[in-house]
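Structural characterization, general
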Protein chains: 2
Amino acid sequence: MLSKKPKIVVIGAGFAGLRAVQKLARSNADILLIDRHNYHTFVPLLYQVATGFISPEIIAYPLRRALHHISNARFLLAEVENIDFENKVIHTDRLDVTYDYLVLATGSQTKYLGVEGAPQYSLPLRTLEDAVRLRDRLLRNIERAAYESDLDRKQQLLTIVIVGGGPTGVELAGASIELITETLAKDYPKLDLSQLRLFLIHSGDRLLAGYPKALGNYTCRQLRRRGVKVHLNSRVSSVLPGAVELNDGITIETAAVVWTAGVEANLPNDESQLATAKKAKICVRSTLQLLEYPEVYAVGDVAFVKQDNKPLVGVAPEALQQGTAIARNLKRQLRGLAPQPFDYFNKGTAAIIARNAGVAYLFGKIPVKGFMGWLLWLVIHLYYLPGASNRLTLLISWIRDYLVRERRVRQIFAYQNSYAKDFLDSRQFQSRL
Amino acid sequence: MLSKKPKIVVIGAGFAGLRAVQKLARSNADILLIDRHNYHTFVPLLYQVATGFISPEIIAYPLRRALHHISNARFLLAEVENIDFENKVIHTDRLDVTYDYLVLATGSQTKYLGVEGAPQYSLPLRTLEDAVRLRDRLLRNIERAAYESDLDRKQQLLTIVIVGGGPTGVELAGASIELITETLAKDYPKLDLSQLRLFLIHSGDRLLAGYPKALGNYTCRQLRRRGVKVHLNSRVSSVLPGAVELNDGITIETAAVVWTAGVEANLPNDESQLATAKKAKICVRSTLQLLEYPEVYAVGDVAFVKQDNKPLVGVAPEALQQGTAIARNLKRQLRGLAPQPFDYFNKGTAAIIARNAGVAYLFGKIPVKGFMGWLLWLVIHLYYLPGASNRLTLLISWIRDYLVRERRVRQIFAYQNSYAKDFLDSRQFQSRL
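Looking at the relation of the copies chain A and chain B
By a simple turn and slide, chain A fits onto chain B: the slide is 0.0 Å along the axis, the RMSD is 0.0 Å, and the turn is 180°. The two molecules are tied by a two-fold rotation axis, judged by turn and shift. Residue by residue, 100% of the interface of chain A is reproduced at the interface of chain B, so both copies engage with the same surface.

Shown next, in the form of structure tokens:
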């Protein structure tokens, strides 16, 4: 007795994909959600994991938990290898899956913009594993610097370079400098942390390109006041083991390069060669259906969506609203009705700089900065984090951190990770040549 | 201007080593604490990390934090490679360290008792990494079983074998069966978990050999009532990829073997060949000084210490009291006084079985079981956990878990770990031969 219900497969459990599944509860279809992780990552707080504010678990919501009350949905933990759109089959590393309708919500990946050495020698910050690896690197470098007698090597270990002045780069820079000047200064009373240098390298003439100019300038001033060396109009020409070369000829010796500068769609492999636009994003109709296949939708960072003739920028609210929209369109299709165009309602965006300093740009009109911007950021992210007990834990962590000025999660869990060790040793070798 | 104070080096930041450092605060000596991790592991709660109760961070206290208020102590993150007792030099993977007085607190390691395949194909539970790896394995096996069509393979994935019926084996068995029957049953509504089998293999005729017979029998009944298949008087003769062979000829097909059966001292390498006793433990005088070197102490699991002509069993209170005792003895030595013999005051031990069921044996005299034993265990461990905010987080986690009956930490963070994947594939291959 096989089910006669139509089958909707959603690939990717980010903001867009998970929202779509939730909105398809009680629809007359069987839903299968596929992801390579068994949890949803709350990406906006990755930088807080990387800088020791919070445990990774707080921003990783178990997907099977999310589906407890959605009786028509199942979950498959698998890596998608290939999609055959003609025959409506998804090949995964575990089993083959057929579909009647498909939602592509596979998100984005880091793009290294052709910079030599960047894929090998810099650290991205897109996944929870990235965040934990970055935290380990930052902490381990300081730990190594504490007993380093070679002063050049010590300076290298105490130098962090963040590439990219978008929200991720800005938030990471502000949180890193706080981690060092507040927590680590207490942990290493005998280490002269005035030696520590944190560079933020940005190709544009102001930070946070998506915000009004005044907010970008405010952000730059705030970071500089806290000790971040912001380099505007500057590009990385290559990343070496142990150093970064800028296009103006400057070389910075460093043992930690973080790459937040480029992003492109994380496209599934297929033989049909879907039409793509900028950043390899899939071209979609105004209804978010694929040009080639009306039974396939693309949402979130993998889709090229325009609003008022400008491409959307790739933030969480866009993905969430798209997830809601295509769930509605799928339900219309199931009832034989035509899908409707997607229309994004821009409530605004916010970025945090450091304690008591943030920026927000509401409804694409109202700029907010300083303490109010910071508070807005906190409230928004606390509100959107999935899971009531996660919200409580997050709130307690934040309050504790605000009062005690101490990052709680500063254990190095990967000290014996041989990759990290070899990598550092190769840097050391190179840096001495 | 070199310091003229004597230098005390403590190797190992477990219960004994960390306590010794804390008690040496304000002594007239420079202290150096060496550990391979930058945190102290609260070992009694490892099983709760392995079964998803709590985040690893809660039981990993940052060592530099622990030293904030001990102005005469420093910390070195390093692996000790060799100790030259004659010249009083410690060779580490980072630098060489000299000492005037030395405390060996290097703890214990898993002993596989010569069982073939056990080191390669079973999982230990002694470190935080072990606990996280075990959690990942348990969760991943169930996730794989959910889509497994081969019934034999499915049964194998749904079979857990725990070797050793001491406190670790008992606590892990009880917590694992709760994880499965409470949390995972809700996560996998379509998986028939009655197929799941959890074996506890114990060589003795009763569980918890260190407790009175009645408590061991009570523990066995409680575990059996909850569905654990307890095999007494049974030994593992070999561990294969995908199976365990017992000495009575039974073979159990399984994809998760946990080894808690044997333990031996984790001795540092040295050329002088220290005198050792049972389980490779270092022979010490009644003052806990080494027989060969009066300036060297051995404490905790690495030392062979007798009380009333019986060897100590290796629990946390013994290590803590030894740490206090040798700190006092070192201070006496610094003042030119003779060290005093160590005398263990046995306040008792406790082990937890499952919700509302535990056992405790107070002052070596008073047996406690059931709800009171469980409550005693909780109070003791909450009290001894380092860090006020960790205690608060732990308490919230426990209360939440008690009310909601749901393990919060069930994210699989190592799905793409190739070792684990290959390992499972090799099992699969073997199990089909």
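Resuming the write-up.
Some details on the interface of chain A and chain B
Listed per partner, the contact involves 48 residues of chain A and 48 residues of chain B. Carbon and sulfur atoms make up 48% of the area that chain A and chain B hide from each other, which totals about 4600 Å². Remark: the boundary between chain A and chain B carries six salt bridges. Note that A:E406 is salt-bridged to B:R65, the shortest N-O span being 3.0 Å. There are 29 residue pairs in polar contact (both at pLDDT 80 or more) connecting chain A and chain B. Of all the secondary structure elements, the ones that give two or more residues to the side of chain A that touches chain B are β4 (60-62), α3 (63-66), β5 (73-77), α5 (128-145), α7 (167-187) and α11 (388-404) of chain A. Classifying every residue of the side of chain A that touches chain B by side-chain character gives 19 nonpolar, nine polar and 20 charged.

Topic: the pattern of salt bridges
Following the criterion strictly, the structure yields 24 salt bridges over all chains and no others. Salt-bridge contacts for B:E182 lead to B:R405; the nearest nitrogen and oxygen are separated by 3.4 Å. Placement of the pair is B:E182 in helix α7 (residues 167-187) and B:R405 in the loop between α11 (388-404) and α12 (418-431), with a sequence separation of 223 residues. Members of the salt-bridge network, linked through shared partners, are A:E178, A:E182, A:R355, A:D401, A:R405 and A:R407.

A look at a nonpolar patch on the surface
Residues and elements named next belong to chain A. A surface patch of nonpolar side chains, amounting to about 810 Å² of accessible area, comprises F371, M372, L375, V379, L395, I399, Y402, L403 and V404. Breaking the nonpolar patch down by element, the ones donating at least two residues are α10 (371-384) and α11. Among the elements that line the nonpolar patch, the one with the most residues is α11, at five residues. Its location among the elements puts Y402 in helix α11.

Topic: the confidence of the model for chain A
Atomic detail in the predicted coordinates should be set aside for any region of low pLDDT. Residue and element names in this part refer to chain A. Overall, the prediction assigns chain A a mean pLDDT of 92, with 95% of residues at 70 or greater. With pLDDT under 50 throughout, residues 415-433 is counted as low confidence; its partners more than four residues away or in other chains account for 43 contacts. In the model output, the complex is listed with pTM 0.92 alongside ipTM 0.90.

The rules behind each value
- Residues numbered from 1 in each chain as written.
- Chains lettered and ligands numbered in written order.
- Predicted model: local features only at pLDDT ≥ 70, side-chain atom pairs only at ≥ 80, totals over all residues.
- Heavy atoms only, no water.
- Least-squares fit on C-alpha atoms with pLDDT ≥ 70 in both.
- Contact = heavy atoms within 4.5 Å.
- Buried area = accessible area lost by both parts, 1.4 Å probe.
- Salt bridge = Lys/Arg side-chain N within 4 Å of Asp/Glu carboxyl O.
- Polar contact = N/O pair within 3.5 Å; in protein donor to acceptor, adjacent residues only side chain to side chain.
- Helix = DSSP H or I, 4+ residues; strand = E, 2+ residues; numbered from the N terminus.
- Nonpolar A, V, L, I, M, F, W, Y, C, P; charged D, E, K, R; others polar.
- Patch = residues over 30% accessible without salt bridge, like charges linked within 9 Å, V, L, I, M, F, W, Y side chains within 5 Å.
- Areas by Shrake-Rupley, 256 points an atom, 1.4 Å probe, with all protein chains shown as cover.
- pLDDT = per-residue confidence, 0-100.

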